[in-house]
Amino acid sequence: LEDIRKAKETLRCCPYVVRTPLIKLQNLAETAAAVGDGDVEIYLKLENLQPTSSFKVRGASNAMLSLDPERLKQGVCTASAGNFAQGLAWTAKEIGVSCNILIPDHTPQNKRLAMERYNGVLHPVPFDTWWNAITQHGDENLHGHFIHPASDPQVIAGNGTIGLEILEDIPNVDAVITPYGGGGLSCGVATVMKSLKPAVRCYAAEVETAAPLSASLKAGCMTCCDYVPSFVDGIGGKSVLPEIFDLARNVLDGSLVVSLRQTADAVKLLIEKARVVAEGAGAAPVAAALAGKAGLGKIVCVVSGGNIDSQKLMKVLEGQVP
Amino acid sequence: MQRSQLSGITGMELYFKKEFMQYTGSFKERGARNTLKQLSKTQTETGVIAASAGNHALALAYHGKQLGVSVTVVMPKLAPIMKVTACRDYEANVILFGEHIGESKDYATKLGEEKGLTYINGYDDPAVLAGQGTIGLEVIDQVPDVDAVVVPVGGGGLLAGIALAVKTLKPDVTVIGVESENCPGFSAAWKVGHPVKVPSMPTLADGLAVPMVGGNALATARKHVDKVLTVSENYIAIAILRLVEHEKAVVEGAGAAGLAACVAGLLPELKGKKVVIILCGGNIDTTVLGRCLERGLAADGRLCRFVVRVKDTPGGCAELTRILADMGACIKDIFHERAWVYSDIFSVEVSLIGCKLQTYIEKLL
């Protein structure tokens, strides 16, 4: 918790991260129907409104600003093809240091362009090499200070600041749902809750096409699960990260698994009712809350990001699952 | 307000006033609530009436319910179903009447007189203008060193309120109004000095489709507004796409008009300046949003359409799709046409609409 409070101070003073809005999801005849006349209020913590459209800038900024300035000058690096890479690259660009990014060689063009737009220098490698960097926390050929996208303690602390803001805005919150990818977001936010308000239920949200946390929690130990690629590319892998799993099982009250259909519907609902664009991973917590999986009370859903390809978005608007 | 990532593409330091995040999705709530709170006891007890196809109706209905004032809204027969339903959900008395808003307004005025209901004009009532003006106060508060404010114009209420507030506090700030070129009511009125009716064509900015601006709005705005210009449908669609992709914001055509003018290069004098753009509403029909995204992608060159002749034999189409797949392009729609191909009988025409980046399209052609 100390680390998270320190992170809050760091981020408050820096121009790279904003204190995002926490709004109530309005006009919800659907919720009452879905949850069965219970008293449910769904709130949205809009991390999709951060610079680079995801919460990742919190962890990236905190990690970089916690470094010794001489070390920071030498640049940073990471292994990621998604929002973390974009968040790190952008923050590095704003600070004025280099950013090297290890990506799997099948990374699609639109994601490469997004990282390059923020001056990220890309290093495509075979998937196994990339996965190795994730598990080994680095790659010897990569120049700069390596920041792990999920399990770097400063990244988790940065993510935790979301939890502090939630408690400031809704002190009597009953439950918080965060999408679970690498686990950094869920662990950061849940740590805050368990430290300051243990009665708050903390859930992870996963998609049924790749739900390693749910599988691991059920088995009582780390286990692999079936992995099917989907439009929800921000979360969902074959397994959980070992260093995160122990923390996760202590601070989380469970994993809520939603279908692709529920997730796509939630993306559409957020557009129609909240007028914001969320990506699949960002909408998964809302899907879980709407399906009644988080129970009753004031439920805060962390809308982690909004980086959804426009083509996929158009399919969602037509009522399809991309 | 935070500096927008869209500042880069416009060359201005952009800030967005996000009125689409109000509860009913538009700034109209400010004027509506202010007016309802100023009603006399009798007026409150009898109730109010208004004609509106959209955001004003929603705002009145929502705040009427909150404040315990009975609200009747007359909406044109073709008003968007989502808005009609929403007004009913807020327990307003919804009457569908009129082929267009003019007819609804006449009916509402008559009905109001018959039943003693107070008519609330959504863009011309002084209390409404004052409510909208609070946006101007907030802009100066949130971006004290603003150079210019760009405001969408329909009936003129928003522009009038903001212009008055901003110019009173900081006379050096430029205030610019933007209308749809399909309904340039304010520009026309500005020229002759009083409200005039202009022909109104269908527009993406349906919230701005007010054929005749309000008299109070015009009189108030004229003293303070620096200029008014019109913007095309194409740029409104592009602006909607930009806001979705870069701000993750769902903004309706009317709300995107200000950004549209900047993206269209119609305000070169604002380059390098601090500009606040009012994103006035986000109540866009889902289907319309999808179409705007498509239009924007096409204008960007990220969606392209072409016709190619292939052999009408097994594998003819397969080779074409393989070439596209190898390039990483994805096919959105594909049409197979035989009857109207006039070359050899063994060929078929294939129309493709695909999505990929400009460079790949050039390579293909």
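Higher on the page you've got the structure.
Residues numbered from 1 in each chain as written. Chains lettered and ligands numbered in written order. Predicted model: local features only at pLDDT ≥ 70, side-chain atom pairs only at ≥ 80, totals over all residues. Heavy atoms only, no water.

Draft legend 1. Summary view of the overall build of chain A. A count of helices and strands for chain A gives 14 helices and 10 strands. Taken against the 2.2 N^0.38 rule, which gives 20 Å for 322 residues, the C-alpha radius of gyration of chain A at 18 Å falls within 12% of a compact globule. Dimensions of chain A along its principal axes, counting C-alpha atoms only, are 55 × 40 × 40 Å. Residues classed as buried in chain A amount to 60% of the 322 residues present. Split by element, the accessible area of chain A, about 12000 Å² in all, is 49% carbon and sulfur. Considering chain A, the positive charge centre built from 29 side chains and the negative charge centre built from 33 side chains are found 4 Å apart. (Helix = DSSP H or I, 4+ residues; strand = E, 2+ residues; numbered from the N terminus. Rg over C-alpha atoms; globule rule 2.2 N^0.38 Å. Buried < 20%, exposed > 50% of the residue type's maximum accessible area, 1.4 Å probe, protein only. Areas by Shrake-Rupley, 256 points an atom, 1.4 Å probe, with all protein chains shown as cover. Lys, Arg positive; Asp, Glu negative; His and termini not counted. Charge placed at Lys NZ, Arg CZ, Asp CG, Glu CD.)

Draft legend 2. Local environment of the interface of chain B and chain A. Each side of the interface is counted separately: chain B has 34 residues, and chain A has 28 residues. Here chain B packs against chain A, burying approximately 2300 Å² in sum over the two surfaces, 60% of which is carbon and sulfur. When the area that chain B buries against chain A is broken down by residue, the three leading residues are Met21, Lys248 and Thr286 of chain B, summing to 27%. Run the count over chain B and chain A and you get 8 residue pairs in polar contact (both at pLDDT 80 or more). Residue assignment for the side of chain B that touches chain A shows that the elements contributing at least two residues are helix H11 (233-247) and helix H13 (286-300) of chain B. The element best represented in the side of chain B that touches chain A is H13 of chain B, accounting for 6 residues. Looking at the side of chain B that touches chain A residue by residue, the class counts come to 17 nonpolar, 10 polar and 7 charged. (Contact = heavy atoms within 4.5 Å. Buried area = accessible area lost by both parts, 1.4 Å probe. Polar contact = N/O pair within 3.5 Å; in protein donor to acceptor, adjacent residues only side chain to side chain. Nonpolar A, V, L, I, M, F, W, Y, C, P; charged D, E, K, R; others polar.)

Draft legend 3. Up close: helix H7 (residues 126-142) of chain B. Residue and element names in this part refer to chain B. For H7, which comprises 17 residues, the first-to-last C-alpha distance of 25 Å matches the rise-based estimate of 24 Å (1.5 Å per residue) to within 8%. Within H7, the full set of buried residues consists of Ala127, Val128, Leu129, Gly131, Gln132, Gly133, Ile135, Gly136, Val139 and Ile140. Elements in contact with the buried residues of H7: strand E1 (13-18), helix H2 (28-37), strand E6 (148-152), helix H8 (157-169), helix H10 (215-222) and strand E9 (274-279). The N-cap of H7, judged by a side-chain oxygen 2.9 Å from the amide nitrogen of Ala127 a few residues on, is Asp125. (Expected span 1.5 Å × (residues − 1).)

Draft legend 4. Representation of the pairing of strand E4 (residues 99-104) of chain A. All names here are of chain A. For E4, the tally of buried residues reaches 6 of 6 residues, placing the bulk of the element in the interior. Side chains of E4 alternate between two faces, with Cys99, Ile101 and Ile103 and Asn100, Leu102 and Pro104 buried alike. As defined by bridge partners, strand E3 (residues 76-79) adjoins E4 across 4 bridges and the pair is classed as parallel. Bridging across to E4, Thr78 finds its partner in Ile101. Taken together, E3, helix H5 (residues 83-95) and E4 constitute a β-α-β crossover, and its handedness is right-handed. (Pairing = 2+ DSSP bridges. Right-handed = clockwise from strand over helix to strand, strands pointing away.)

Draft legend 5. Representation of the sheet that holds strand E2 (residues 40-46) of chain A. Residue and element names in this part refer to chain A. Spatially, the 6 strands line up as an open sheet ordered E1-E2-E10-E7-E8-E9, and their pairing is mixed. Each edge of the open sheet is held by one strand with a lone partner, namely strand E1 (22-24) and strand E9 (254-258). Taken pair by pair, the neighbouring strands of this sheet meet at an average axis angle of 30 degrees, ignoring direction. As defined by bridge partners, strand E7 (residues 175-179) adjoins strand E8 (residues 201-207) across 5 bridges and the pair is classed as parallel. When the bridges of E8 are listed, Ala175 appears paired with Arg201. Sheet contacts for helix H12 (residues 260-274): E1, E2, E8 and E9; angle to E9, the most-contacted strand, approximately 85 degrees. (Axes fitted to C-alpha atoms, helices over the stretch in contact; angles between N-to-C directions.)

Draft legend 6. Quick look at the nonpolar core. If you look at the biggest cluster of nonpolar residues, it comprises 116 residues, and the most contacted ones within it are Leu44 and Ile177 of chain A together with Ile278 of chain B. Sequence-distant contacts of Ile278 of chain B, that is, excluding residues within four places in its chain, are made with Lys17, Glu19, Ile135, Val139, Val149, Val150, Val151, Pro152, Leu158, Ile162 and Gly255 of chain B. (Core = buried A, V, L, I, M, F, W, Y, C linked by side-chain atoms within 4.5 Å.)

Draft legend 7. Layout of the packing of H5 of chain A against helix H6 (residues 109-117) of chain A. All names here are of chain A. At a minimum axis separation of 8 Å, H5 and H6 run at an interaxial angle of 20 degrees. The orientation of H5 with respect to H6, classified from their angle, is roughly parallel. Residues Ala85, Gln86, Ala89 and Lys93 of H5 pack against Ala114, Met115 and Arg117 of H6. Of the residues assigned to the contact of H5 with H6, the class counts are 4 nonpolar, 1 polar and 2 charged. (Parallel < 35°, antiparallel > 145°, perpendicular 65-115°, else oblique.)

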